[in-house]
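# What the coordinates show
Now for the letters of each chain:
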Amino acid sequence: MNARISLGLAAALGAVLSAGCGKIDPITQPAPQSGSADFSRYVATGTSITAGWESGGLVDHHQRQSYAYLFARQAGALSFTIPSVSADGFPPLLQLHSLSPLVLDTLGRTRGTFTNYGQATAYNNMAVPYSLLFDLANETNYYNQFEERNNQFNEIVRHRGTILQDVLSLQPTFLSIEYGSNEVLGAATAGIGTPLVSAQNFDLILSGTLAAIQGASPQTKLALFTVPDVTSIPFVTTFRWFTVDAATFSQPMPLIGPNGPLGPDDHVLLTAAGLIAAGNGIPVGGYNYVNPLQPGNGNPLPNQVVLDAAEAANLQITVDAYNASIRAKAAAAGAAVVDLNGLLKQANSPGLHFQGTTYTTAYIRGGLFSLDGVHPTDLAHGFIANLMIDAVNAHFGAHIPEVNLSASATATASRLAPAARDGKFYPVIEGVEKLCPLPLAPMPVTASLVRASRSRNEAQAHASVR
């Protein structure tokens, strides 16, 4: 789930292990029971989510925390090779310098390398960042798009034919499929409401893809992931559509978008960080919640950093249609459904609970999303792995043990720290308390402001229809 945001995000926000063969670690717990499925040759395919992309790039120590890698280990797969990447990642991972103003970049980091490019067989994790469902069985656009996408296909697919051909060459007994996010994410992160692939075409491609898999490898059992609502990730939800007056901090003031004051259903994207830090989008006299030292200048934010209410609604409708197709096709194919969409909804509210702590989709502090505001942390991958395990167990009558989430709370995403009183251990984000807090303290929003904003948006919508 990338869209074109890795290096581009680093540039936009800048204003403001060594690798191995990728085999799974030894299993030290009781052997799982597979029920009516066979997990000995597990292969995963999908987007950057499945690949283990975090904070703007791939790197070995996160790839080995991906939900697919964790599932392979828990399910007793014989091996699970990955296209492992050395530090500092490919592309280099983002690093956080300041929360107020928000400053992330890759300065000082060096680009890692794919260390087992020469592996004779396909990888067990054949997820390719930036890929679409169309790409699974069609190599037309593998190496002739934008640079970051071309690089990922070159290093992971390696000109060996299609992704699906690589997958089937491993004679998988079990295959997980996670696609659909990039079809809508590219639009969302560019402030556009039109998906790359219509719901009708997605349904047709999914039907053809599953028919091809079942025709070539009828013994392979499947798990299909639903598509998350990309309008509810931190990249889209972190910055509020309003601020308050800088004098009394009591009067709500809408931010200024390309078509005037924003409303409660409009979204300011994370790529607006540098613009807001310079005072853009903040009305004159308004408090600059990204960079309090820079007053608002009243200049509007451009369209590419704002996803308005109508655009967001259209993408949500598309995601719902994608998921209806996925559920219907999964039922027809006898596949398990892993409800990633539902897990993200739960993460948004009320949050995901573990050992007395609630984790949410709040940017940086929530513990579930990495610095790019799009991709899961190691801890979130643990939750996703358990979601997949539960779905597979229920569907195939298997008994795969869940992941120990304490092991997924790593030092690079979130980690275990002793509680002050009861002696328990809680995964927490390391180092955030040493940084300036995000200036996003609760601010009042009056009912009249919300009503006025919605009335204005409705009027604009009617005018555009006419």
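As the structure is a prediction and not an experimental result, all values here were calculated from the model.

Our focus in this paragraph is the overall build of the protein. In terms of regular secondary structure, the protein is built from 15 helices and 16 strands. Burial status across the protein gives 57% buried among its 466 residues.

Omega for the peptide link from Ala87 to Asp88 comes to 5 degrees, which places this bond in the cis form. Structurally, the position occupied by Asp88 is in the loop between helix H4 (67–75) and strand E2 (95–99). A cis amide bond, omega -10 degrees, links Phe90 with the succeeding residue Pro91. Structurally, Pro91 is set in the loop between H4 and E2.

With that out of the way, let us pick up the packing of helix H8 (residues 199–216) against helix H11 (residues 309–333). Put simply, H8 and H11 touch, their axes get as near as 9 Å, and they point 25 degrees apart. Taken together, the axes of H8 and H11 are roughly parallel relative to one another. In this structure, H8 crosses over H11, and the sense of that crossing is right-handed. Residues Ala199, Phe202, Asp203, Leu206, Ser207, Leu210 and Gln214 of H8 pack against Ala321, Tyr322, Ser325, Ile326, Lys329 and Ala333 of H11.

It is worth spelling out empty space enclosed by the protein at this point. What the largest cavity holds in volume is close to 210 Å³. Residue lining of the largest cavity: 16 residues in total, with Leu340, Leu344, Phe369, Pro376 and Ile384 positioned closest to the centre. Mapped by element, the contributors of at least two residues to the lining of the largest cavity are helix H12 (340–348) and helix H13 (378–396). Ranked by residue count, the leading element in the lining of the largest cavity is H12, at four residues. A breakdown of the residues in the lining of the largest cavity according to their chemical character gives 16 nonpolar, no polar and no charged. One number sums up the size of the second largest cavity: a volume of about 50 Å³.

If you walk through the whole model with that rule in mind, you get six salt bridges. Between Asp166 and Arg160 there is a salt bridge, with the nearest N and O atoms lying 3.1 Å from each other. For Arg160, a relative accessible area of 32% corresponds to the partly exposed category. Salt-bridge contacts for Arg327 lead to Asp339; the nearest nitrogen and oxygen are separated by 3.3 Å. Of this pair, Arg327 sits in helix H11 while Asp339 sits in the loop between strand E12 (336–338) and H12; the two residues are 12 residues apart in sequence, bridging distant segments of the chain. Of the residues examined, Arg327 reaches a relative accessible area of 39% and is grouped as partly exposed. By relative accessible area, which is 25% here, Asp339 ends up partly exposed.

A few words now on the sheet that holds E12. Pairing is parallel in the open sheet, where four strands are placed in the order E1-E4-E5-E12. The open sheet is flanked by strand E1 (42–46) and E12, the only strands paired with a single partner. Geometrically, the sheet is characterised by an average inter-axis angle of 20 degrees between neighbouring strands, direction not taken into account. Bridge count for strand E5 (residues 221–225) against E12 is three bridges, and the pairing is parallel. Of the residues in E12, the one forming a bridge with Leu224 is Val337. Against the sheet, H13 touches E1, strand E4 (174–178), E5 and E12, its axis set at about 160 degrees to E12.

Considering soluble globular proteins, one finds that nonpolar side chains tend to be buried as a cluster. Within the largest apolar cluster, 123 residues are counted, with the highest numbers of intra-cluster contacts made by Tyr42, Phe71, Ile163, Phe174, Ile276 and Met388. When residues in this core are grouped by element, the largest group, 10 residues, is from H13. Leave out the neighbours within four places in its chain, and Tyr42 touches Tyr67, Ala68, Phe71, Ala72, Ala77, Phe80, Asn124, Phe174, Ser176 and Met388.

Here the distance between the centres and the angle between the planes together describe a pair of aromatic rings. Tallied over the entire structure, the rule returns 18 aromatic pairs. Ring geometry for Tyr42 versus Phe174: centroids 6.1 Å apart, planes at 45 degrees, classification tilted. In this pair, Tyr42 sits in strand E1 while Phe174 sits in strand E4, placing the two residues 132 residues apart along the sequence. With a relative accessible area of 0%, Tyr42 lands in the buried category. Overall, Phe174 belongs to the buried group, its relative accessible area being 0%. Seen in terms of ring centroids, Phe90 and Phe114 are 5.1 Å apart; in terms of plane orientation they differ by 70 degrees. Their pairing is edge-to-face. Of this pair, Phe90 sits in the loop between H4 and E2 while Phe114 sits in the loop between strand E3 (102–105) and helix H5 (147–156), and the two are 24 residues apart along the sequence.

Let us now look at the confidence of the model for the protein. Scored by pLDDT, the protein comes out at a mean of 85, with 81% of its residues at no less than 70. Considering only residues more than four positions removed or in separate chains, one finds that residues 4–22, a stretch of pLDDT under 50, has 65 contacts. Note that pLDDT drops below 50 for residues 413–466; the model gives that stretch 97 contacts with residues more than four away or on any other chain.

Conventions we followed
Residue positions within a chain follow its written sequence, with the count starting from 1. Whole-chain, interface and lining totals are the exception, using all residues; otherwise, since this is a predicted model, local features are given only for residues with pLDDT of at least 70 and side-chain atom pairs are given and counted only at 80 or more. Calculated side-chain values reflect all of the structure's heavy atoms, with hydrogen atoms and water omitted. Note on conventions: DSSP H or I runs of at least 4 residues are helices, E runs of at least 2 residues are strands, and numbering of each starts at the N terminus. Relative accessible area decides the class of each residue, using a 1.4 Å probe on protein chains only: under 20% of the type maximum gives buried, over 50% gives exposed, and in between gives partly exposed. Only C-alpha atoms enter the line fits that serve as axes; for helices the fit covers just the stretch in contact. Angles between N-to-C directions range over 0 to 180 degrees. We call two directions roughly parallel when the angle between them is under 35 degrees, roughly antiparallel when it is over 145, roughly perpendicular when it lies between 65 and 115, and oblique otherwise. What makes a crossing left-handed is the near helix being turned counterclockwise from the far one by less than a right angle; a clockwise turn instead makes it right-handed. When checking whether two residues touch, look at their non-hydrogen atoms; a contact exists if any pair is within 4.5 Å. Note on definitions: the grid is 1 Å and covers protein atoms alone; a cavity is a set of points where a 1.4 Å probe fits but cannot get out; a pocket is an open set with protein on both sides within 12 Å along at least five of seven lines; lining residues have an atom within 4 Å of a point. Grid points are joined across faces, edges and corners, and a volume is the space filled by probe spheres set on the points. Amino acid classes used here: Ala, Val, Leu, Ile, Met, Phe, Trp, Tyr, Cys and Pro are nonpolar; Asp, Glu, Lys and Arg are charged; the rest, including Gly, are polar. The salt bridge criterion pairs a side-chain nitrogen of Lys or Arg with a carboxyl oxygen of Asp or Glu, the two atoms within 4 Å. A pair of strands counts as paired when DSSP detects no fewer than two bridges linking them. Only buried Ala, Val, Leu, Ile, Met, Phe, Trp, Tyr and Cys residues count toward a nonpolar core, and they belong to the same one when joined by side-chain atoms within 4.5 Å. Each aromatic pair joins two rings of Phe, Tyr and Trp (for Trp, the six-membered one) with centres within 6.5 Å, and gets the label stacked for planes under 30 degrees apart, edge-to-face for over 60, and tilted for any other angle. The quantity called pLDDT is the predictor's confidence in a given residue, expressed from 0 to 100.

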